[in-house]
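A look at the structure
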Amino acid sequence: MRIARTLPELHEATAALRRRAGALTLVPTMGALHAGHGALVRAAVARGDPTAASIFVNPLQFAPTEDLARYPRDEAGDLDKLRAWGCDLVWLPDIATMYPAGAATTIVPEGPPAEGWEGAARPGHFRGVATVVAKLFGQIGATHACFGEKDWQQLQVVRRMVADLHLPVAVIGIATVREADGLALSSRNRYLAADERTRAPALHRALRHAAGRLAAGAEAAAALAEATAALTADGFAVDYFALVDGPSLRAIPALVPGARLIAAARLGPVRLLDNLAAG
Ligand code: PAF
């Protein structure tokens, strides 16, 4: 597995990989890798083309109120995992490479699917995501890129950006990896206290219950209100629990093909996100 820390090192490594295969699959990450990232890297490797992973904790996607300094970092552990998962190349840029002095261009997703939900809760977040992902696509010359469905809105924002900017990258969504009790894997789960960890799977259970109610013909407004009430009774502070059109993230009043249930709720210090296909 090759490791690149500068653009010349990266370009030398990606040119060699592309000579081998023509295609190159990217798995963008912010490190602190867990089995969810493992599923993305393994899916990329299984495609048969060389796989590159990037590790960059992107300051531009953190709101001023969010603690960038506290974001978990474990470079040595991440490199061991990427090696074991079969990754060919790791891109480890520093801040000055990603945001050189004088840089003046960012990508600002406007309207659906970026507005609302995470876009409203974390102002500027998707500007940071879109900008860094576009830079990574360009630096690496990725032909394919894998993103987790766990961050459903992020996946749709990236798909929208790729379509809008005519980027020659095929975006592949990978199913959420869950603990045995249903909790979606996330780097932030490590901040749950023991009792919160025990209660956290209630979010996934509420999504499944709501999906079942909708499939059985319940009114969406009633199913969503029940889920929110149940989670609140369990000690969650619910930011949103909504039924949306999958690609656009527009709230919808009833099931349509491709509908998605999305939820964000705080448990203690941790803001949990999850989503599920509805109907
Ligand atoms: O999902 C993440 O880890 C990040 O948002 C991403 C896509 C690596 C961009 O920084």
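Check the entry above for the structure.
The present account deals with the structure reproduced in this document. (Residues numbered from 1 in each chain as written. Predicted model: local features only at pLDDT ≥ 70, side-chain atom pairs only at ≥ 80, totals over all residues. Heavy atoms only, no water.)

What to know about the overall build of the protein chain
For clarity, the cut-off: Secondary structure elements are taken from DSSP: a helix is a run of H or I of four residues or more, a strand is a run of E of two residues or more, and numbering for both begins at the N terminus. The atom set for the radius of gyration is the C-alpha atoms, and the globule formula is 2.2 Å times the number of residues raised to the power 0.38. Burial classes: relative accessible area under 20% of the type maximum marks a residue as buried, over 50% as exposed, and values in between as partly exposed (1.4 Å probe, protein chains only). Should any heavy atoms of two residues lie within 4.5 Å, those residues are considered in contact.
A tally of helices and strands in the protein chain yields ten helices and nine strands. Relative to the globule expectation of 19 Å for 279 residues, the C-alpha radius of gyration of the protein chain, 19 Å, shows essentially globular dimensions. When the backbone C-alpha atoms are referred to their principal axes, the protein chain occupies close to 55 × 40 × 40 Å. Per-residue burial over the protein chain gives 49% buried out of 279 residues. For the protein chain, the proportion of contacts with a sequence separation of at least 24, taken over those separated by at least 6, is 72%.

Structural notes on the site of the ligand
Counted only if it meets this: Only heavy atoms are used to decide nearness, and a residue is near a molecule or strand if one of them lies within 4 Å of it. Here a polar contact means two N or O atoms within 3.5 Å. Within protein one must be a hydrogen donor candidate and the other an acceptor candidate, and residues neighboring in sequence count only if both atoms are side-chain atoms. Lys, Arg, Asp and Glu make up the charged group, whereas Ala, Val, Leu, Ile, Met, Phe, Trp, Tyr, Cys and Pro make up the nonpolar group; the residues left over, Gly among them, are polar.
Every residue lining the ligand is accounted for by P28, T29, M30, Q61, V132, F147 and Q154. Within the side chain of Q61, one N or O atom sits 2.6 Å away from an oxygen atom of the ligand. Between an oxygen atom of the ligand and a side-chain N or O atom of Q154, the distance comes to 2.6 Å. When grouped by side-chain class, the residues that make up the shell around the ligand number four nonpolar, three polar and no charged.

Focus on helix α2 (residues 35-46)
For clarity, the threshold we go by: Each residue after the first adds 1.5 Å to the expected span of a helix.
With twelve residues, α2 should reach 16 Å at 1.5 Å per residue; the first-to-last C-alpha distance of 16 Å fits that figure. Buried within α2 are the following residues: G36, H37, G38, L40, V41 and A44. Where α2 is buried, its residues contact β2 (25-29), β3 (51-55), α3 (75-85), β5 (144-148) and β6 (170-174). Directly after α2, the chain includes G48, whose backbone phi takes a positive value near 100°.

A word on the nonpolar core
Let me state the cut-off plainly: Throughout, nonpolar core names a set of buried Ala, Val, Leu, Ile, Met, Phe, Trp, Tyr and Cys residues whose side chains join them through atoms within 4.5 Å.
Core analysis: the biggest nonpolar cluster contains 40 residues, and V133, F137, I140, F147, V158 and I262 have the highest contact counts within it. Listed by contribution, the elements that provide at least two residues to this core are α1 (7-21), β4 (89-91), α6 (125-140), β5, α7 (152-164), β7 (237-245) and β8 (259-267). Counting residues per element, this core draws most heavily on α6, which supplies nine residues. The contact partners of F137, leaving out residues within four places of it in the chain, are L26, A142, A145, F147, V158, V162, L167 and V169.

Quick word on unusual backbone geometry
Cis geometry marks the peptide bond from P112 to P113, where omega comes out at 5°. Locating P113 in the fold gives a position in the loop between α4 (95-98) and α5 (118-121). The backbone phi angle of A32 is positive, close to 50°, even though this residue is not glycine. Residue position: A32 is located in the loop between β2 and α2. Here the phi dihedral of H166 falls at roughly 55°; this positive angle occurs in a residue that is not glycine. Locating H166 in the fold gives a position in the loop between α7 and β6. On the basis of relative accessible area, H166 is assigned to the exposed category, the value being 69%.

A word on the packing of aromatic side chains
As a reminder, the rule being used: Two rings from Phe, Tyr or Trp (for Trp, the six-membered ring) form a pair when their centres sit within 6.5 Å of each other. Planes less than 30 degrees apart are called stacked, planes more than 60 degrees apart edge-to-face, and all others tilted. Here, a charge over a ring means that NZ of Lys or CZ of Arg falls within 6 Å of the ring centre while also lying within 35 degrees of the ring normal.
In this structure the tally under the stated criterion is four aromatic pairs. A centroid spacing of 5.7 Å and a plane angle of 85° characterise the contact between F62 and Y71, whose relative ring orientation is edge-to-face. Each member of the pair, F62 together with Y71, is buried. Taking the centre distance of 6.4 Å and the plane angle of 75° together, the rings of F137 and F147 count as edge-to-face. Highlighted residues: F137 in helix α6 and F147 in strand β5, separated in sequence by ten residues. Of note, R70 hangs over the ring of Y191, and the distance from its end group to the ring centre comes to 4.4 Å.

Some words on the sheet that holds β5
Sheets are built from strands paired through backbone hydrogen bonds, the pairs being either parallel or antiparallel. Quick reminder of the rule: By the convention used here, strands pair only if DSSP detects at least 2 bridges between them. Between N-to-C directions, angles span 0 to 180 degrees; the directions come from axes that are lines fitted to C-alpha atoms, helices contributing only their stretch in contact.
Read across the open sheet, the six strands follow the order β1-β4-β3-β2-β5-β6; overall the sheet is parallel. This sheet does not close on itself; its edge strands, each paired only once, are β1 (2-4) and β6. Recorded for the sheet is a direction-independent mean angle of 25° between the axes of neighbouring strands. Note that β5 and β6 share five bridges and pair parallel. Residue pairing in the sheet places G148 in a bridge with I174 of β6. Set on the sheet, α6 makes contact with β2, β3, β4 and β5; between it and β2 the angle comes to about 145°. Set on the sheet, α7 makes contact with β5 and β6; between it and β6 the angle comes to about 170°.

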